[in-house]
Every structure is written in C-alpha cells, then in structure tokens.
Amino acid sequence: MSGRLRLALLASLAIVLAAPAAASAARGGGLWGLYDHGLARARYIDLTHRLTPGAPVWKGFGAATFQPTVDPATGMPYTYAKDGFEATAYQLPTDQFGTQLDPPAHWAPEYPAIDELPATYAVRKLVVISIVPQVTENPTYALSVKDIRAFERRHGKIPRGSVVFVRSDWSKRWTDDPAAAKVLAADPAFPGVSLDALKFLHLKRHILFHGHEPLDTDTTPTLEGEYWLMHNGFTQAEGVDNLESVPPTGCLVNIGFPRFRGGLGGYARYIAICPPSTRAGERISRRDAPLPRFDSPLHWDMSLGYRVR
C-alpha cells in the first residue's frame, strides 16, 4: 500500500475500531472493507433530542406548532383511513431549535450559511471532554484551557480536524413540557465553554467545531464565545444529548442536517459511531430493513400536539 493511500484510509473511517482486523480488511477492500469489518460491528449512539412543540427554545423565538397536513382542496387533514397516508405540517418560528448546528452566518453574514457548509463535515473523529464534576460544584462552570490540558495528559492530544463535545449533563434537564421548557430556557445558570478554551481548541488544536449541551455557548452578557466563533468562520453544535454514553476518545461522529438555502441554523442529527466494546448504542442488524411493525399504530394526540403510539 502506498503512503498516500494509507493516509487516506486512516483519515477516513478506519479509526472507528483501530483494530488489526479492521486495518487488514481495509487494505484488502478499501472503504467497503472498512465498513464490513469496522462500521458494521460498531455501536451507534444518537446524540440528538427529539423535536417536539414543547422543547426548550430561546424566548425571543417563540414556540413551535405541529399539526396534521391539510388537503388545500378540501381543507381537511389527510388521514390513513381516507387517503391511505398522513403528513405533518410544522410551524417552526426559528431554525435555532432543538439539537442544532450553527453556521457562522448566524451572526456574520460574510461567512457560510447552513447550505454552504462542505460535505466534508459528514464524518469526523469525536472527542468528549467531561466537566460534570466541576458543574456539580458550580452550575455555571465553563470549560477552561486547564481542563483541556488535563484531558490531553490522560487521553492524548486532541486530533486536528476533530469534533469536540463538552459533556456537562445539562441535557438531563431537557423537557418536552412547554411550561417547564420555558423555565429551563430562561435559566441563566448553565454550564459553558470559555473564550480561552474555544481559542485554544480552534487555534492550537485546529478542531472542526465544538459542541455543548445547553442552548448557548456561555453565560457572558455578550455571548463572547459565540461572537468570536461566528465572526471567525467557525461553526458550533448546541443542544447535544447522551454524551454520558460516549467514551472520551475512539469514536467517530456522523453529522447530518437539512440544507435550507441561506439558513442560519441547522436542525442537526449527530450519531456517535463507537467501538463494539462500548456498552451503549445499537448495532447494525437485519432488523434495520424491513423495520419492525409496532403493535400500537401512530395516532394524533391533541393534548401533546404530535403523534404518539
């Protein structure tokens, strides 16, 4: 194998397992070999909140509304019984909603919008830095450069081009209850990431982007961290979930989001792809297609404002 090909493979998906068997398969079968002997055996962990009308959102944006899609010819909703299908109409007052990916154009129009982000965002190495002990003592604790250096002494240098998610367990407070969500979104006491830490990660470690569990980067009056990121061409993830299930190193993250033209926020889905020894997550199986049939069919719940089983 040439040095160029080896570097290309290592820069792609080989690190998901970092095992001799996977590396050998990669040499023999290229990316399909990496899938068969690596990704197919991995554990997949969803790091994304479900979107509901009552999810937490900044008070300046207002609440979302879900409702059955209406046939414009009749003014009546489509139904399984009458039409053989149903659909949903979403009234979303903002693209800054739920688990998201902020493009720099959210604050700086001279930088890319969500549809202008490159396809190379799709899969990256994932690093998870925990500040849970610090947040237990101080709910507004912000990740520091000292925390990052301590992490690297234990786990090694953060890889260039990786995604760094900051675990605070704030996501455990997430709620779909509209009243409780308003209180949570308005609470000024939440963990963050310091400006110095952001500069270190981007200018010294050259990461792709960082992510955090709360809906804002920090608690400073001017949101100095987010301001610096956006005005220097960097993206960030917000509202990330389930980081307690992901090892600090050794996983990949798959990143997906819709390409709204000129969009200033992304309804994102993040999937951690972890070694098979990881306790959490799901494995690829024959149950993926066809998908299993539920005993209870979906139906619209008027009180919740979305379908349930």
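Scroll up to find the structure this text is about.
Residues numbered from 1 in each chain as written. Predicted model: local features only at pLDDT ≥ 70, side-chain atom pairs only at ≥ 80, totals over all residues. Heavy atoms only, no water.

### Details of the pattern of salt bridges
And then number 1: Taken as a whole, this structure holds 7 salt bridges when the rule is applied.
And then number 2: Here Glu 86 and Arg 307 are joined by a salt bridge, their closest N and O atoms 3.1 Å apart. Of this pair, Glu 86 sits in the loop between α3 (80-83) and β3 (88-91) while Arg 307 sits in strand β15 (residues 306-308), and the two are 221 residues apart along the sequence.
And then number 3: You can call Glu 86 partly exposed: its relative accessible area is 27%.
And then number 4: Here Arg 307 falls in the buried class, since its relative accessible area comes to 17%. (Salt bridge = Lys/Arg side-chain N within 4 Å of Asp/Glu carboxyl O. Helix = DSSP H or I, 4+ residues; strand = E, 2+ residues; numbered from the N terminus. Buried < 20%, exposed > 50% of the residue type's maximum accessible area, 1.4 Å probe, protein only.)

### A closer look at the environment of Lys 199
And then number 1: In this fold, Lys 199 is placed in helix α7 (residues 195-204).
And then number 2: C-alpha separation for the pair Lys 199 and Trp 228, spaced 29 residues apart in sequence, amounts to 8.6 Å.

### Description of the pairing of strand β1 (residues 43-46)
And then number 1: Residues of β1 alternate between two faces, with Arg 43 and Ile 45 buried on one and Tyr 44 and Asp 46 left unburied on the opposite face.
And then number 2: The sheet contact formed by β1 and strand β13 (residues 269-274) spans 4 bridges and is antiparallel. Across the sheet, residue Arg 43 finds its bridge partner in β13, namely Cys 274. (Pairing = 2+ DSSP bridges.)

### A word on the nonpolar core
And then number 1: Membership of the largest hydrophobic core comes to 24 residues, with the highest contact counts inside it found for Leu 47, Leu 101, Leu 126, Phe 165, Phe 209, Val 246 and Tyr 270.
And then number 2: Elements with a contribution of two residues or more to this core: β5 (123-130), β7 (163-167), β11 (251-256) and β13.
And then number 3: Val 246 has contacts with Ile 45, Leu 47, Leu 126, Val 128, Cys 251, Ala 272 and Cys 274, leaving out every residue within four places of it along the chain. (Core = buried A, V, L, I, M, F, W, Y, C linked by side-chain atoms within 4.5 Å. Contact = heavy atoms within 4.5 Å.)

### Things to note about the environment of Phe 234
And then number 1: With respect to the helices and strands, Phe 234 occurs in the loop between α8 (224-230) and β10 (236-238).
And then number 2: Judged by its relative accessible area of 17%, Phe 234 falls in the buried class.
And then number 3: Phe 234 has contacts with Pro 104, His 202, Trp 228 and Leu 229, leaving out every residue within four places of it along the chain.

### With respect to the side chain of Thr 235
And then number 1: Summarising the element assignment, Thr 235 is placed in the loop between α8 and β10.
And then number 2: Side chain to side chain, Thr 235 and Tyr 121 meet in a polar contact 3.4 Å long.
And then number 3: Sequence-distant contacts of Thr 235, defined by excluding residues within four places in its chain, comprise Leu 101, Asp 102, Pro 103, Pro 104, Leu 117, Tyr 121, Leu 208, Phe 209, His 210 and Met 230. (Polar contact = N/O pair within 3.5 Å; in protein donor to acceptor, adjacent residues only side chain to side chain.)

### Structural notes on α7
And then number 1: What α7 keeps buried is the set Leu 195, Ala 197, Leu 198, Phe 200, Leu 201 and His 202.
And then number 2: For α7, the elements touching its buried residues are β6 (142-143), α5 (145-155), β7, β8 (192-193), β9 (209-212) and α8.

### Concerning a positive patch on the surface
And then number 1: On the surface, a cluster of positive charge is made up of Lys 146, Arg 149, Arg 153 and Lys 204.
And then number 2: It is α5 that contributes the most residues to the positive patch, 3 residues altogether.
And then number 3: Position of Lys 146 among the secondary structure elements: in helix α5. (Patch = residues over 30% accessible without salt bridge, like charges linked within 9 Å, V, L, I, M, F, W, Y side chains within 5 Å. Areas by Shrake-Rupley, 256 points an atom, 1.4 Å probe, with all protein chains shown as cover. Lys, Arg positive; Asp, Glu negative; His and termini not counted. Charge placed at Lys NZ, Arg CZ, Asp CG, Glu CD.)

### Considerations on the packing of aromatic side chains
And then number 1: Within this structure, the stated rule accounts for 10 aromatic pairs.
And then number 2: Ring centres of Phe 66 and Tyr 90 lie 4.8 Å apart, and the angle between their planes is 85 degrees; this geometry places the pair in the edge-to-face category. Placement of the pair is Phe 66 in strand β2 (residues 65-68) and Tyr 90 in strand β3, with a sequence separation of 24 residues.
And then number 3: Ring plane angle 80 degrees and centroid distance 6.4 Å describe the contact between Trp 170 and Trp 174, whose orientation is recorded as edge-to-face.
And then number 4: Classification of Trp 170 by relative accessible area gives buried; the value is 6%.
And then number 5: One aromatic cluster in this structure is built from Tyr 121, Phe 165, Phe 209 and Tyr 270. (Phe/Tyr/Trp six-rings, centres within 6.5 Å; stacked < 30°, edge-to-face > 60°.)

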